[in-house]
Amino acid sequence: MEIKKVMVIGAGQMGGGIAQVCAQAGFDVKLNDIKEESYAKGLAVITKNLSRNVEKGRMTEDEKNAVLGRITKSLDLQDASDVDIIIEAAVENMAIKKSIFTQLDGIAQETAILASNTSSLSITEIAAATNRPEKVIGMHFMNPVPVMKLVEIIRGLATTDEVYKAVEDMTKKLAKVPVEVNDFPGFVANRILMPMINEAIYTLYEGVATKESIDDVMKLGMNHPMGPLQLADFIGLDTCLYIMETLHEGFGDSKYRPCPLLRKYVNAGWLGKKSGRGFYVYS
């Protein structure tokens, strides 16, 4: 099972990054979004990233143009009919993902692999929305995708060894490091990261220290490149809340209860960097 043609669904920060690394690795990529303006915005970010690589001498102008030439626009899921793998990078919402996978199951060729870039949701449940659960798998890329090496590869209950091997091989061609993870809420990355972020928010909520002090402790004392509150702003506080709710519901353990301050900020529309305000203010 060799992968040559790729479709990425969602031209946002994650989907655009996935499309970029796939095109850089020589794959033909269809970048799909439901809105023309979202696709245009995503392609502009990819172009900016590649131009920066040219400026830094990491690639030539011809190489940049070749990468962009391997990305084609898609505004219709029907375009998935001739690709070898579809990587879904839509919003982190189970109902939306299941709807997309049900549609893809009726469009994609029988041999096509359906992958989700979900950061916390059950691959087994997503797969159950299709008639090909053995060909459904998780590919959780880290943000920013062009920079971060890790890809968590998550098997659903029915995922075959052949499908896993094909996705593992593809991940290596992207110059990423595949790590096999079983299908539990939050997988490994977010099961460990999100409770740490949530605890940092509780520390702020309880008045233990200021946001700057909390972030400084983790940067200077634990050698983290970014403090947990700043990181939460970059991830998106709505995403953090959704993952904490997924963990809380999935495990039924009070240690995963989202901090009330996190919920209050999300309700206020303070979602972090993308909304201009979260724990910090972004001009």
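Residues numbered from 1 in each chain as written. Predicted model: local features only at pLDDT ≥ 70, side-chain atom pairs only at ≥ 80, totals over all residues. Heavy atoms only, no water.

**Q** Just give me the short version of the UniProt feature "site: Important for catalytic activity" (unreviewed entry) in the protein, but keep the residues and values in it.
**A** The UniProt feature table records "site: Important for catalytic activity" (unreviewed entry) at H140. The topology assignment puts H140 in strand β6 (residues 136-141). The exposure class of H140 is buried, given its relative accessible area of 6%. (UniProt positions renumbered as here; feature names shortened; annotations may be inferred. Helix = DSSP H or I, 4+ residues; strand = E, 2+ residues; numbered from the N terminus. Buried < 20%, exposed > 50% of the residue type's maximum accessible area, 1.4 Å probe, protein only.)

**Q** Tell me about the sheet that holds strand β7 (residues 150-155), and name the residues and values.
**A** The mixed open sheet is built from eight strands, whose spatial order is β3-β2-β1-β4-β5-β6-β7-β8. Of all strands in the sheet, those with a lone pairing partner are β3 (71-74) and β8 (177-181), marking the two edges. Shown here is a sheet whose adjacent strand axes are inclined to one another by a mean of 25°, direction ignored. Bridge analysis of strand β4 (residues 85-88) against strand β5 (residues 113-116) gives four bridges, and the strand direction is parallel. Bridge pairing links I85 to I113 in β5. (Pairing = 2+ DSSP bridges. Axes fitted to C-alpha atoms, helices over the stretch in contact; angles between N-to-C directions.)

**Q** Explain the packing of helix α2 (residues 36-55) against helix α3 (residues 61-69) residue by residue, including any values.
**A** Remark: α2 packs on α3, axes separated minimally by 9 Å, with the N-to-C direction vectors making an angle of 160°. The orientation of α2 with respect to α3, classified from their angle, is roughly antiparallel. The chirality of how α2 crosses α3 is right-handed. Side by side, α2 and α3 meet where L43, I46, T47, L50, S51 and V54 of the first sit next to E61, K64, V67 and L68 of the second. When its residues are assigned to classes, the contact of α2 with α3 shows six nonpolar, two polar and two charged. (Parallel < 35°, antiparallel > 145°, perpendicular 65-115°, else oblique. Left-handed = near helix turned anticlockwise from the far one by under 90°. Contact = heavy atoms within 4.5 Å. Nonpolar A, V, L, I, M, F, W, Y, C, P; charged D, E, K, R; others polar.)

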